[in-house]
Amino acid sequence: MLADLPTAPWFRRLLVAGLILGILLLTFTVLQPFIVPLIWGAILAYVAWPLHLRILKLCGGRSSAASLISTILVTVIIVVPLVWLILMLRVEAVAAYTEIQEFLATKPVLPQAIRDLPYVGGHAQEILDQIAADPKALRSQVMLMMEQSSVEVSRLIGGAGRNIAKLFFAVFSMYFLLRDGPRLMREARAVLEGILGPRVHDYIDAAGFTTQAVVYALMLGALAQGVVAGIGYWIFDVEAPVLLGAVTVIIALIPFGAPVMWGSLATWALVRGDMVNGVGLILWGVILVSWVDNIVRPLVISNATRMPFLLVVFGVLGGVLAFGLVGLFIGPVLLAVSLAIWREWLEEHSTKEESAIVSTDGTTPIKVKKKTGTP
């Protein structure tokens, strides 16, 4: 029997499956350092796709030239300002730290209105007195917090923001995805159809619509919050309102990130004794900035995907914790695709039940035509 083992059909299938699995694992090992930049490149390509189609038409269908132009434009419009913003933020952070040190050297006292707040006022003044008594302790605490959170911050930033090399590979990947994206999608559809059947097209369409909705909802929501917050910074005399508004756009990509930004600025104004601008900025953030996010993101995502907003929040936060910054987009898409598969299964199951209903003559089943398309 051992002599017949190599020729046994089940043994051959097992051997082939093992070889394929081994090749896939080795391929994943080789590509693992480039997976996150590739995902960022795919996100950039997806965002740039409508622009790329117009450029492709202007270039007379020459895909390579159109992809190069689209990549350069996206780099100039998105990547370069983002790098500039990070550099400017570092400069402003140093200036802000210096200003805080000078403020603490004056032995500040909180406004009477804040000190009179029950449970909060007295404790806040004690903390401020402790920090002012030893300003160097603030620096030590900040350095300790940075050291303790360095791993988490590096992991959160991840991908395109970690270093120039991965940023380059993200842009490099975007070019080839723009150029060869349609062909790769056709091949992926063919392979998945052979594995999962013709219904895989519904899942791919659902993933495409969901990705588009999530990407544009996150970007539009963050942009709207940044613009409204920037106007508030200008109205309430915050220094560098344009720069801080741009920073708010980046932070607002994470749910509940924008309140951290305008809340910190409002708190700083209150500590300095600027009650009018501090309270005004808090009211502006609560009434306008937060409600902009509550309107834009649910409106775009829920209307396009019929996805509950709670799942969107869980997808974004869980994606960030699991995958870093790129999880902002991966998390909601994974949950939305899972929801689409669930709805497709329910629709298919209900269709089978309805198709078994017998017509009025008691002999001929009524066939119900299933609707196709994105759930």
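### Quick word on the overall build of the protein
Right, so step 1: Scanning the protein for helices and strands turns up twelve helices and zero strands.
Right, so step 2: If you list the helices and strands of the protein from N to C, you get α-α-α-α-α-α-α-α-α-α-α-α.
Right, so step 3: Evaluated residue by residue, the protein yields a buried proportion of 32% over its 375 residues.
Right, so step 4: Pairs at least 24 residues apart make up 66% of the contacts formed inside the protein by residues separated by at least 6 positions.
Right, so step 5: Carbon and sulfur atoms make up 73% of the accessible area of the protein, which amounts to about 23100 Å² in all.

### Observations regarding the nonpolar core
Right, so step 1: Membership of the largest hydrophobic core comes to 36 residues, with the highest contact counts inside it found for Leu218, Tyr233, Leu265, Leu281, Val289, Leu328 and Phe329.
Right, so step 2: Only helix H1 (9-58), helix H7 (200-235), helix H8 (241-251), helix H9 (258-271), helix H10 (275-305), helix H11 (309-323) and helix H12 (327-355) provide two or more residues apiece to this core.
Right, so step 3: Sort the elements by how many residues they give to this core and H7 lands first, with seven residues.
Right, so step 4: For Leu265, the contacting residues outside a window of four places in its chain are Tyr233, Val238, Leu244 and Leu281.
Right, so step 5: Judged by nonpolar contacts, the second largest core, of nine residues, contains Leu44, Val74, Val79 and Leu167.

### Topic: the pattern of salt bridges
Right, so step 1: For the structure on display, the rule yields two salt bridges.
Right, so step 2: One salt bridge connects Asp180 with Arg179, and the closest N-O pair in it is separated by 3.1 Å.
Right, so step 3: Judged by its relative accessible area of 16%, Asp180 falls in the buried class.
Right, so step 4: For Arg179, a relative accessible area of 29% translates into the label partly exposed.

### Structural notes on the side chain of Asp180
Right, so step 1: Within the fold, Asp180 resides in helix H6 (residues 164-196).
Right, so step 2: Among the polar contacts made by the side chain of Asp180, one reaches the side chain of Arg179 at a distance of 3.1 Å.

### Some details on the packing of aromatic side chains
Right, so step 1: A complete count under the given rule lists six aromatic pairs for this structure.
Right, so step 2: A ring pair is formed by Phe168 and Phe169, whose centres lie 5.5 Å apart and whose planes are at 65°; its orientation type is edge-to-face.
Right, so step 3: We classify Phe168 as partly exposed; its relative accessible area is 48%.
Right, so step 4: Joined through ring pairs, the aromatic side chains of Phe34, Phe168, Phe169, Phe172, Tyr175 and Phe176 make up one cluster.

### A word on H9
Right, so step 1: If you check H9, its first and last C-alpha atoms are 20 Å apart, about what 14 residues at 1.5 Å a residue would give, namely 20 Å.
Right, so step 2: Every buried residue of H9 is accounted for by Ala258, Met261, Trp262, Gly263, Leu265, Ala266, Ala269, Leu270 and Val271.
Right, so step 3: A positive backbone phi angle near 95° is found at Gly273, which sits one or two residues after H9.

### A closer look at the environment of Tyr216
Right, so step 1: With respect to the secondary-structure elements, Tyr216 resides in helix H7.
Right, so step 2: With relative accessibility at 24%, the residue Tyr216 sits in the partly exposed group.
Right, so step 3: Separated by 169 residues in sequence, Tyr216 and Val47 place their C-alpha atoms 7.9 Å apart.
Right, so step 4: Leave out the neighbours within four places in its chain, and Tyr216 touches Tyr46, Val47, Pro50 and Gly221.

### Some thoughts on a nonpolar patch on the surface
Right, so step 1: Together, Leu51, Leu68, Ile69, Ile72, Leu73, Val76, Ile77 and Ile78 line one region of the surface with nonpolar side chains, adding up to about 650 Å² of accessible area.
Right, so step 2: No other element matches helix H2 (residues 63-105), which puts seven residues into the nonpolar patch.
Right, so step 3: Locating Leu73 in the fold gives a position in helix H2.
Right, so step 4: Residue Leu73 is classed as partly exposed on the basis of its relative accessible area of 33%.

### Topic: unusual backbone geometry
Right, so step 1: For Asp237, which is not glycine, the phi torsion reads 60° and is therefore positive.
Right, so step 2: Of note, Asp237 is situated in the loop between H7 and H8.
Right, so step 3: Classification of Asp237 as exposed rests on a relative accessible area of 57%.

### Some points on the packing of H8 against H9
Right, so step 1: Packing of H8 against H9 brings their axes to within 8 Å, and their N-to-C directions diverge by 145°. Packed against H8, whose contacting residues are Leu244, Val247, Thr248 and Ile251, the element H9 presents Ala258, Met261 and Leu265 at the interface.

### Overview of the environment of Tyr175
Right, so step 1: Looking at the element boundaries, Tyr175 is found in helix H6.
Right, so step 2: Relative accessible area serves as the criterion here: at 17%, Tyr175 is assigned to the buried category.
Right, so step 3: Residue contacts for Tyr175: discarding those within four places in its chain leaves Ser64, Ser67, Leu68 and Thr71.

### Quick look at the confidence of the model for the protein
Right, so step 1: Per-residue pLDDT for the protein averages 74, and the proportion of residues at 70 or more is 68%.
Right, so step 2: No element of the protein has a lower mean pLDDT than helix H5 (residues 135-162), which averages 51, and none a higher one than H1, which averages 85.
Right, so step 3: Predicted confidence for residues 146-161 stays below pLDDT 50, and this span has 19 contacts to residues more than four positions away or in other chains.

The rules behind these values
- Residues numbered from 1 in each chain as written.
- Predicted model: local features only at pLDDT ≥ 70, side-chain atom pairs only at ≥ 80, totals over all residues.
- Heavy atoms only, no water.
- Helix = DSSP H or I, 4+ residues; strand = E, 2+ residues; numbered from the N terminus.
- Buried < 20%, exposed > 50% of the residue type's maximum accessible area, 1.4 Å probe, protein only.
- Contact = heavy atoms within 4.5 Å.
- Areas by Shrake-Rupley, 256 points an atom, 1.4 Å probe, with all protein chains shown as cover.
- Core = buried A, V, L, I, M, F, W, Y, C linked by side-chain atoms within 4.5 Å.
- Salt bridge = Lys/Arg side-chain N within 4 Å of Asp/Glu carboxyl O.
- Polar contact = N/O pair within 3.5 Å; in protein donor to acceptor, adjacent residues only side chain to side chain.
- Phe/Tyr/Trp six-rings, centres within 6.5 Å; stacked < 30°, edge-to-face > 60°.
- Expected span 1.5 Å × (residues − 1).
- Patch = residues over 30% accessible without salt bridge, like charges linked within 9 Å, V, L, I, M, F, W, Y side chains within 5 Å.
- Axes fitted to C-alpha atoms, helices over the stretch in contact; angles between N-to-C directions.
- pLDDT = per-residue confidence, 0-100.

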